[in-house]
Amino acid sequence: MLGLEGDSGAGQCAMRDSCGTKGWFGQQLPCPYDGPPVEPEDSKARDLLVSVCGAQFVEGPTCCTSGQVETLRDSLAQAELIISSCPACRNNFRSFFCSFTCSPHQGSFLNITDTQKTSSGETAVKTVDFFVGEQFASGFFDSCKNVQVGATNGYAMDLIGGGAKTYSDFLKFLGDEKDLGSPFQINYPSSVPLDFTALDPTPRNCADNDLESRCTCIDCPTVCPALPYKPPQINGPTCQFGPLSCLSFVLILAYSLCAVALFGYILQATIRKRREKRYERMALSADTASIRSPMLHTHGLVGAVSLSQGDANDSLGAQSTESRRLGRGASLLDPIEVSQPRQYRLNTILRRVFYRLGLAAASSPFLTFSIVFTFIGLLNLGWQKFDIETDPVRLWVAPDSESKLQKEYFDEHFGPFYRPQQIFVTALSGPPITIDPPPFTDTGVSSQDPVLSYNHLRYWMDVESDIRALRSSPNGYRLTDVCFKPAGPQGACVVQSVGAWFGNDLSDYDEESWKHRLVQCANSPVDCLPDFQQPLGPQYVLGGVPEDMPERNSYLDARALVVTYVVANSLDEAEIAKAVEWEQTLRAYLVDLSERIPSEAGMNIAFSTGVSLEEEISRSTNTDVRIVVMSYLAMFLYISLTLGNGSAAREEEGVMTSLSMWACNFPKLFKRSSITSSSVSVDSRNTPHILPRLPRHLFVGSKFTLGLLGIGLVILSVSSSVGFFSLVGVKTTLIIAEVIPFLVLAVGVDNVFILVHELDRQNLQHGPNASAIASGGGYPALRSPTRHRSPFESAYDESVDTASVPLYLSAEERVARTLAKMGPSILLSSVTETVAFGLGALVPMPAVRNFALYAAGSVFLNALLQVSVFVSALAIDLKRVEASRVDCFPCIRWPSRIALPDAPANVSGLGRVARFIRRHYAPFLLRPVVKGAVLLTFAGFFVLSAISMQHIQLGLDQRLALPSDSYLNDYFDHLDVYLDVGPPVYFVSHDLDMTKRPGQQELCGRFTTCDEFSVSNVLEAERKRPESSFISQPTASWIDDFLKWLDPAMETCCRVRKRNPSIFCAPRDSERLCQPCLYGKEPAWNITMVGLPEGEEFMRYLKQWLISPTDETCPLAGKASFGTALSLDDETGVVASHFRTSHSPLRSQDDFINSMMVARHIAAKISEFTGSQVFPYSLHYVFFDQYAHIVAITQEILGLGLAAVLVVTALLLGSWRTGTIVTGVVALTVMTVMGVMAVWGISLNAISLVNLVISIGIAVEFCAHVARAFMSDRRSGDERMCTALVDVGPSVLSGITFTKLIGMSVLALTRSKLLEIYYFRMWLTLIISGALHGLVLLPVVLSLAGGPGFAQQEADEEWMTNASRNDYEYAPFLADDDSSGQ
């Protein structure tokens, strides 16, 4: 203590007057003064003092001079430009510094502890202790801490208090010696010495009712009204029962009750069966002794439960009800059912049409080829207009989407959102740690060491210097040519970097002083303004700052530097081209830098430029081309090799057997044979040969060429669909290119297998060897074909001798019968899928709509090609086989072998899969106990799926769409971890007359007469609950800053010429020539908005405000802060304006989606309160708009698809009951896929929605053929289902299940997360679920509740013919002849 403080009595000063400056430049320093206060020099000095410090200095001596008062006035004026909106803060600020400078009791709370010499040699104050009471200090801080600065979307405390969080930090900032603050050090001790008294008057409160204190809601939260609404609950169940939703609880309860009931029923049935066991044995024994059928003694029915071998003959004289009671086999010989079969007229018509179509295609194959391929060629001419849509906005957002229209409105009136180029710089160290966002990504960000060091900063500033000097090729653009300049073309670029705190030059700092500078700037950004003169908070330039370190220098431990170059955007294509050219140059530079910076500086960078995302997504299409091609090739090879495996009239040795026999017999070539008589029969298989004799079916029976044709037709159908829709202007997408071939291959190949397998059965019954097989004899010579006779011509004409019906049919006739039988089944599946996909075109989302159109066209064209071209090819291939010509080389004829008389014959003509189904699978599946277990199991799947579906997440992490080696993966990982600011959001107000007072009051928030629920007030209220509103920053309200700019107290802001007030003063015009705009106006400017301009006067001042430069003399001017915030029109005035704020940091897909939903809800409420039209806009809204509707779209498209399945299947099957069952099984299949989505981390988005639409088509493919085969018979449910499974089960398994499983297994090798999650996982789930539901659940349900069937006329005719001859039995119902020996 220097002893200059004096006593603490009244009227004692501690300092007075000015004693010069510290150097040649700077502020005046006060002189130490130990004396009484002095009266002001004159009345002018008194008036000046009162105008600055208020009425308390109207009389009495003071401790300041008029010169000090003038300096104080200028200093307060700078602060009041920021805090004048809150009278309490403004007046507390004035009271604080007026007491410090002029109070006559200054000596009682000031203690000068050190002095210094000024440049003039005088002694001046260097350090002073200022004793302030806690009441006044905390009240002063509280009145200012919430005052906002709209232009910066920040707080006044960031500017006047260095972002202080407590009053002690606030006072410390005010007292620290600095160039733009106090010229000497002011300390604020926490304890007061005994001979001093703390300055502790009652502070003004922002909630006080007097006009000198009262602040508005924006600056004083305590006066804000409570909002009368709550934000909507996002993604939360509306009803809970403990940890479960009410729906889950009800489903679990219902399932448990059903399981108990089923168990009780089985128990009761078992007890009843045991009681009746003795009686049944006696009855069956009696029946067996009296009647026994010779035919059924030889061949036993498969699957008979209560019917012995003698029961069938009993049914000959029984009624139909009795036959059904006796068992499934009884109805086979029911004379009523055989003589009067139930028919379905539409079925008959379809079979006739397909018979004639098949006969025409088989009879004139080359004419068919010419006609169809000409038509297909014309469709493919549309490829000339082929175009791929890559713009994400036009791809995922409907043309009439709310977000798209709002984006276009925003871009038109305010200009498009700028193009950010962002870089994260981290130190090179640390093991990887996983991050919270998407659980299905395997990426991670290393646990970094602090990145800040002198060497790192120096290196990085050199990099920034290089970036500023970059010149693009070929036009040589630089950053200054393309960057965003808020102050106008001559202003500085917006570059957010820690280097801006150092003036982009580290040469003035050493290895220690840089730390002090960085901490100072991080704590007080206003002291370190960048070139573009907007405070740069630490959250914008530093990432990973430790939150568990309360010290203010924790910024030194930041894990990342965040550098952002803001490039201007435009609707002008030429300007965009300039920006793109420079961005490509920057991207190339950063790619090179990322490779060398680890070795040069021990750092890593992760970056993104304005062109990066589109370039990398385009590159991703080629990332896994080899995997996708391998997947297709694997399916092609499987189809080609397995297509003909089901056909065989006689068992031949396999390839391995032939090779082994040749190897055993080969040595005999070198031995002399002892048998010379030609009369001795020798087995040619034991005769040695130089070359092995491979099986005939390997060369002749192969269907490799036919399989390739089937695949070619799939490709041709997709190509034709693309050509047609390209011709009509529907653009294709990458999803279409990746998914449609898989879909059509799955659907088309199934039909191919069904046609080939049915043709094999026709060959077995009506082919060259049919009579031999039927009688079990050898192989007679080929029979001459009879004339083509349709089986639908008077099938039950009594004049026709059934015994005269020819057993042998020509190749054309057999192909026609094949299509007649399977054509309606193909029509059923194809029409159902086409209609289901076509209904998907009603969805407004372009990607889904275009996919639905392409899928419907491809499936329809594929079906058309199969029933025409493929049928013709079947006839040609059949003739090739019967002519013993080699597959792929038809010019080569394979020599026929002599059939041995005792050669074993495969009477059934069934392949291995079909025999397995008939012997084992169907009898097992159709047991009553197994049926119950199946129903219970699939009911459990349904319950689990319904519960799991409730947890499906929305969204699509953009990292999944990128190549696995893309540099953007690292960027997005760093973005999630290190960026601590959210995206900006704009609330746009339009269709409001802002030139009139009511319109102004609906927008403003800093005046006492503003609407309680104005735009500004509601946004401020929402900011106070960021956890639900996702709004975290103060709102930049242009109307408030503009009207404050007009305040005459802001003498350096709005100014006009004194002599001609119609002329505005320029910033450099002399003060003596100018005056405040509203100076002397009556009524005067005030916070009640009385006296503020309206009409033309409002627009005149507004236009001037928008071109007034925003600088330190007038930070309220609008050029830099609000130059693009308004859209003006000469006729209507203000067309639209926006209010800018920011979302809280968004870390997950749910955050992005919910932020958009909540913002829309807020805007709707503002519109409701004010009557004006308000909508929110942020850059990500247009990309996440789909999620506002995707649940409803999913329900709509799946509902329409299932409705189409119901109508088409019921119509074509002739039974609403069966159609309903098929539709229900299809729905359960889709539900299972959706249930697995939640478990396997598959989100709901446009890609997964497309796959769900595909699920309907694939599920129909699994079910339609089985249901059709089931309805083509009149026997009991179990018998019909057994036949159906044997007929089409192998085709479904071979044609779709095994084919897609092979393709999916290859796709599992992919490195692309997008392919793995949305194709491999979903398609694998779909194939397995479809196979289980179509081949397990559907047979069980149809056997129990399926509708009555309709007899096929062809089958009836053949049955009657063979029954009369007693030499043919329908193979699917009889055990194999060779089964007894196996």
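All figures in this text were calculated on a predicted structure; none of them were measured in a lab.

Quick word on the overall build of the chain
Scanning the chain from N- to C-terminus turns up 45 helices and 24 strands. For the chain, the share of sequence-separated contacts (at least 6 apart) that also reach a separation of at least 24 residues comes to 75%. Taken as a whole, the chain presents about 60300 Å² of accessible surface, with 58% of it coming from carbon and sulfur.

A short note on the environment of Gly-537
Within the secondary structure, Gly-537 sits in the loop between helix H18 (513-523) and helix H19 (538-541). Sequence separation of Gly-537 and Asp-158 is 379 residues, and the distance between their C-alpha atoms is 8.6 Å. Setting aside chain neighbours within four positions, we find Gly-537 in contact with Trp-501 and Pro-525.

Describing the side chain of Ser-1248
Relative to the helices and strands, Ser-1248 is located in helix H42 (residues 1246-1271). Of the residues examined, Ser-1248 reaches a relative accessible area of 0% and is grouped as buried.

Quick notes on the nonpolar core
Counting residues in hydrophobic clusters, the biggest one holds 204 residues, and the most contacted among them are Phe-851, Trp-1038, Trp-1045 and Leu-1102. Filtering out sequence-adjacent residues up to four positions away, Leu-1102 remains in contact with Trp-1038, Phe-1042, Leu-1126, Leu-1128 and Val-1134. Counting residues in each nonpolar core, the second largest holds 66 residues, with Leu-457, Val-545, Ala-560 and Ala-601 among its members.

Quick notes on the sheet that holds strand S4 (residues 123-130)
In space, the three strands of this open sheet follow the order S3-S4-S7, with mixed pairing throughout. Lying at the two open borders of the sheet, with one neighbouring strand each, are strand S3 (110-117) and strand S7 (185-187). Ignoring strand direction, the axes of neighbouring strands in this sheet form an average angle of 25°. For S4 and S7, the ladder comprises three bridges, and the chain directions are parallel.

Digging into the state of the cysteines
All chains considered together, the criterion is met by 13 disulfides. The disulfide partner of Cys-483 is Cys-493, and the gap between their sulfur atoms is 1.9 Å. Between Cys-483 and Cys-493 the disulfide shows an S-S torsion of about -65°. By sign, it is left-handed. Note that Cys-483 is positioned in the loop between helix H17 (479-482) and strand S13 (495-496) and Cys-493 in the loop between H17 and S13, a separation of 10 residues in sequence. Residue classification places Cys-493 among the buried residues on the basis of a relative accessible area of 13%.

What about a nonpolar patch on the surface?
On the surface, Phe-263, Leu-267 and Ile-271 cluster together into a nonpolar patch covering about 320 Å² of accessible area. One can find Ile-271 in helix H7 (residues 246-290).

What counts, and at which threshold
Residues numbered from 1 in each chain as written. Predicted model: local features only at pLDDT ≥ 70, side-chain atom pairs only at ≥ 80, totals over all residues. Heavy atoms only, no water. Helix = DSSP H or I, 4+ residues; strand = E, 2+ residues; numbered from the N terminus. Contact = heavy atoms within 4.5 Å. Areas by Shrake-Rupley, 256 points an atom, 1.4 Å probe, with all protein chains shown as cover. Buried < 20%, exposed > 50% of the residue type's maximum accessible area, 1.4 Å probe, protein only. Core = buried A, V, L, I, M, F, W, Y, C linked by side-chain atoms within 4.5 Å. Pairing = 2+ DSSP bridges. Axes fitted to C-alpha atoms, helices over the stretch in contact; angles between N-to-C directions. Disulfide = S-S within 2.5 Å. Patch = residues over 30% accessible without salt bridge, like charges linked within 9 Å, V, L, I, M, F, W, Y side chains within 5 Å. Salt bridge = Lys/Arg side-chain N within 4 Å of Asp/Glu carboxyl O.

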